[in-house]
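The residues making up each chain are set out below.
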Amino acid sequence: MQFTEDKIHLIDKGEIKILLDVNSGAVHLLDEETFAVLQTLLVNGNNWDNLPAVADLAGIRDSLAELQAQGLLLAVDDEIFPRGKQNVLKALCMNVAHDCNLNCHYCFASQGDFGGERKLMPVEVGKQAVDFLLKHSGSRTLCEMDFFGGEPLMAWPMVQEVVLYGEAEADRLGKKFHFTMTTNGVLLTTAVQNFLNQHEISTVLSLDGRKEVHDRMRPTWTDAGSYDLILPKYQEFAASRDDYVIRGTYTHFNLDFAADVLHYFKEGFKNLSMEPVIGPVSADFSLRPEDFATIEQEYDQLAEAYLELYRSGNEMNFFHFNVDLDHGPCLPKRLTGCGAGVEYFALSPEGDLYPCHQFVGREEFKVGTLATGIERTDLVQQFSEAHIYNKPLCKACWARFFCGGGCHANAEEFNQTLLTPYELGCRIQKKRLEAAIYVQIMKKLG
Amino acid sequence: MKKEHIITIAAPALQQSKKTGACGNCQASCQSACKTSCTVGNQACESKK
C-alpha cells in the first residue's frame, strides 16, 4: 500500500478524523491511531518501520488492506478521459443587458457594459438563441437558458417574450426549457415575481449580507446604498417560493463573512450562497494570500453554526455545503467540469458566442455567432482538452473530483492558460470542501 | 475482540460510474464565483433523482 496526497486526503476535525479516498470517492472515519499512522506514512514515504507507537498496528494494517481489496481505499483511476456525447449544446448564458442599475465595485462586467457600449439584447436575437439551443441540443430533452447581464431585469419585456417563445417551441419539439436568472433586485416587483413563479424560473438574488457590507460594495450610481431598496423585495420573493438562492460575495473588507451568511438566515432566507470575490491583485477589495487563515476560520465557524442550526431543527441550506457523498455526479461529469466552450456558451446582446459569460467582449475568445454557428473549432478543442487529466496541478490534488478543475476564466485571467487553475481560488475551494464533507458526515451521524 | 479502526461513511464507487455514467442529462455547472459557483460536487445526478 502506497499512500500519497493525490490518492487519499486526511481531514482532522478534532474528535472526528476523516479519510477521503480520492479515486473511489469513499469517505471513512478513522480512530486516532489509524489517523496518526496514515499521517505519518504520507510524510515518511510509506515507511512502515518508522511509525508512531500504536497498540494494534497489525489490526490497522489489516483494516486498510481489507478496504483496499473492496475498492474503497487507494482505488486506481485509469486516467482515460471518457468522451460523452459530442457536439451537444446544453446551456446558453444570455447576456440580455450590457447595462446595470447598480455600480458594484467588484463587478467583473465593468459595471455592466463588459467594457463596451451599454445595450440590451433585441427580442429577435433572444428568439434566435432559443432556436439555436433547441437545434443543437441533440437527444437531450432539457435545454438550459440563463438570463444574465449586466442586470437582466433591465431587459425584462424581452426576457418574458423569449420565455414564452422558448416554452412554445420546446413543447412543439417534445423538449423542455429550464430558465434561470440572476438579478440585483432593484427592478424586482410583484408582477415580475409572479411571472418568474408561473414559469418556474430559478432565481438567484444578489445580496452581500449585513447592510454595511452590502452597501459598501453594491451602491447605486448616485452612491447610495441598495440594501434597503432590495431587502423587502427579496423577502416577499422568498416567501412566495422555495426555488431561490440568496447569493453574496465576500471581499477583503468582510473576511468575517460567516456573520453575513447568518445574517441572511436571520432575515428569513433559507437557500444561501456566499462566494469569494475575484478581482485584480491591485484592487483594495481583492482577497490576498495573507487573508487565507481568516477565511479558513470563517468556514470552520460557518460549519459549526450550520450544524448547530441543523440540530435545533432550523436547517440552513448553505449551497456550498451541499455535497452528496453517496450519490453525487458520475466521474465523467466530474472530469468535464463546467462545460464552458464545449456544451455551454454565452451570448452577447449582438448575438456573438463566447465560451462563457466571463469571456464576453474579448474578441480573441469569440467562437462564432448565432448566424454562423461555432467557427472557432480550435477554441472549442482547447476548452474540451482543458480537463483534469491535462492539468498537472489538478492531477496531484485531492479535490479534483469535487471541483472539476476549477473555473476556466479564472485560470486564464491569473495564469494566461486554461491548464493552470487560480491558486487562491483552489485553496478556498479545498477548505470549503473539507467543511462540506465534515458537515455531511456530522449530519449522517445525527 | 477485533478492534474497529475504520468506519465507512460513504462508498459512491466513482470508478464504476466511469462505465455507467456520462448520460449527459445533468445540468451545466458554472464554476465562476460571479454566478453561484456550482462545483460539480454540489450537483445531483439527474438519473438518480
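Just above sits the structure.
Residues numbered from 1 in each chain as written. Chains lettered and ligands numbered in written order. Predicted model: local features only at pLDDT ≥ 70, side-chain atom pairs only at ≥ 80, totals over all residues. Heavy atoms only, no water.

(A) Up close: the overall build of chain A. Helix and strand content of chain A: 15 helices and 15 strands. Against the 2.2 N^0.38 benchmark of 22 Å for 446 residues, chain A shows a C-alpha radius of gyration of 23 Å, consistent with a compact globule. Along the first, second and third principal axes, the C-alpha atoms of chain A reach 70 × 45 × 45 Å. Within chain A, the proportion of its 446 residues that are buried is 59%. Contacts in chain A between residues at least 24 apart in sequence constitute 68% of all its contacts with a sequence separation of at least 6. On chain A, the mean spot of the 40 positive side-chain charges and the mean spot of the 63 negative ones are 3 Å from each other. (Helix = DSSP H or I, 4+ residues; strand = E, 2+ residues; numbered from the N terminus. Rg over C-alpha atoms; globule rule 2.2 N^0.38 Å. Buried < 20%, exposed > 50% of the residue type's maximum accessible area, 1.4 Å probe, protein only. Contact = heavy atoms within 4.5 Å. Lys, Arg positive; Asp, Glu negative; His and termini not counted. Charge placed at Lys NZ, Arg CZ, Asp CG, Glu CD.)

(B) Expanded view of the overall build of chain B. Across its full length, chain B holds one helix and one strand. The burial tally for chain B puts 53% of its 49 residues in the buried class. As displayed, chain B has an accessible area near 2,400 Å², and 54% of this comes from carbon and sulfur atoms. (Areas by Shrake-Rupley, 256 points an atom, 1.4 Å probe, with all protein chains shown as cover.)

(C) Examining helix H7 (residues 227-240) of chain A more closely. An ideal rise of 1.5 Å per residue puts 20 Å on 14 residues; H7(A) measures up with 20 Å between its terminal C-alpha atoms. Lining the buried residues of H7(A) we find strand E7 (176-183), helix H5 (190-198), strand E8 (202-206), helix H6 (211-217), strand E9 (244-250) and helix H8 (258-266) of chain A. (Expected span 1.5 Å × (residues − 1).)

(D) Structural detail: the packing of helix H3 (residues 123-135) of chain A against helix H4 (residues 156-172) of chain A. Residue and element names in this part refer to chain A. Put simply, H3 and H4 touch, their axes get as near as 9 Å, and they point 30° apart. Put simply, H3 runs roughly parallel to H4. Taken as a pair, H3 and H4 cross one another with a handedness that is right-handed. Here Val123, Gly126, Lys127, Val130, Asp131 and Leu134 of H3 come into contact with H4, specifically with Met158, Glu161, Val162, Tyr165, Gly166, Glu169 and Ala170. Classifying every residue of the contact of H3 with H4 gives seven nonpolar, two polar and four charged. (Axes fitted to C-alpha atoms, helices over the stretch in contact; angles between N-to-C directions. Parallel < 35°, antiparallel > 145°, perpendicular 65-115°, else oblique. Left-handed = near helix turned anticlockwise from the far one by under 90°. Nonpolar A, V, L, I, M, F, W, Y, C, P; charged D, E, K, R; others polar.)

(E) Expanded view of the nonpolar core. Residues and elements named next belong to chain A. Core analysis: the largest hydrophobic core is formed by 133 residues, its most contacted members being Met145, Phe147 and Phe269. When neighbours within four sequence positions are excluded, Phe147 is seen to be in contact with Met94, Val96, Pro152, Val159, Val162, Val163, Phe179, Thr180, Met181 and Thr182. Phe3, Ile8, Leu30 and Leu51 belong to the second-largest nonpolar core, a separate cluster that totals 20 residues. (Core = buried A, V, L, I, M, F, W, Y, C linked by side-chain atoms within 4.5 Å.)

(F) Structural detail: the environment of A:Lys270. If you trace the backbone, A:Lys270 turns up in the loop between H8 and strand E10 (271-276). Linking A:Lys270 and A:Gln301, residues 31 residues apart in sequence, is a C-alpha distance of 18 Å.

(G) Up close: the interface of chain A and chain B. Of the residues lining the interface, 77 residues belong to chain A; the matching set on chain B comes to 41 residues. Both sides together, the interface formed by chain A and chain B hides about 4,800 Å², and carbon and sulfur atoms give 56% of it. Counting the contacts that link chain A with chain B gives two salt bridges. A:Asp78 is the salt-bridge partner of B:Lys18, the closest N and O atoms lying 2.6 Å from each other. Viewed at the interface, chain B and chain A are joined by 21 residue pairs in polar contact (both at pLDDT 80 or more). It is helix H2 (residues 57-69) of chain A that provides the largest number of residues to the side of chain A that touches chain B, a total of six residues. Residues that form the side of chain A that touches chain B fall into these classes: 37 nonpolar, 20 polar and 20 charged. Relative to strand E1 (residues 6-10) of chain B, strand E3 (residues 27-30) of chain A is paired through four bridges, and the arrangement is antiparallel. Along E1(B), the bridge assignment pairs A:Leu30 with B:Ile6. (Buried area = accessible area lost by both parts, 1.4 Å probe. Salt bridge = Lys/Arg side-chain N within 4 Å of Asp/Glu carboxyl O. Polar contact = N/O pair within 3.5 Å; in protein donor to acceptor, adjacent residues only side chain to side chain. Pairing = 2+ DSSP bridges.)

(H) Seen up close, the pairing of E7(A). Residues and elements named next belong to chain A. Judged by how many residues are buried, E7 sits mostly within the fold: six of eight residues are covered. Bridging between strand E6 (residues 142-149) and E7 involves six bridges; their strand directions are parallel. The residue of E7 that forms the bridge with Leu142 is Lys176. As a crossover connection, the stretch from E6 through H4 into E7 is right-handed. In the sheet, E7 pairs with E8 via four bridges, with the strands oriented parallel. Looking at E8, one finds that Thr180 is bridged to Ser202. Between the parallel pair E7 and E8, the chain is carried across by H5, and the sense of this crossover is right-handed. (Right-handed = clockwise from strand over helix to strand, strands pointing away.)

(I) Highlighting the packing of aromatic side chains. Residue and element names in this part refer to chain A. One pass over the full model with this rule turns up 16 aromatic pairs over all chains. Pairing Phe318 with Phe321 gives two aromatic rings, centres 4.8 Å apart and planes at 75°, and the pair type is edge-to-face. Judged by centre distance (3.9 Å) and plane angle (15°), the rings of Phe414 and Tyr422 are stacked. Judged by its relative accessible area of 22%, Phe414 falls in the partly exposed class. On the basis of relative accessible area, Tyr422 is assigned to the buried category, the value being 13%. One aromatic cluster is present, formed by Phe108, Phe114 and Phe148 through successive ring pairs. In this arrangement the basic side chain of Arg216 is found over the ring face of Phe253, its NZ or CZ atom lying 3.5 Å from the centre. In this structure, Arg400 is placed above the aromatic ring of Phe401, and the distance from its NZ or CZ to the ring centre is 5.0 Å. (Phe/Tyr/Trp six-rings, centres within 6.5 Å; stacked < 30°, edge-to-face > 60°. Lys NZ or Arg CZ within 6 Å of the ring centre and 35° of its normal.)

(J) Highlighting the packing of H5(A) against H7(A). Residues and elements named next belong to chain A. With their axes 11 Å apart at the nearest point, H5 and H7 run at an angle of 30° to one another. When the axes of H5 and H7 are compared, the pair comes out roughly parallel. Seen from above, H5 lies across H7 with right-handed handedness. Counting all contacts with H5, which are made through Thr190, Gln193, Leu196 and Asn197, the residues of H7 involved are Glu236, Phe237 and Ser240.

(K) Representation of the pattern of salt bridges in the model. All names here are of chain A. Going through the model one piece at a time under the given rule, you end up with 25 salt bridges over all chains. The shortest N-O distance in the salt bridge between Asp113 and Arg118 comes to 3.7 Å. On the accessibility criterion, Asp113 (14% relative accessible area) is buried. Three or more residues joined by partner-sharing salt bridges are found here, namely Lys13, Asp300 and Lys431.

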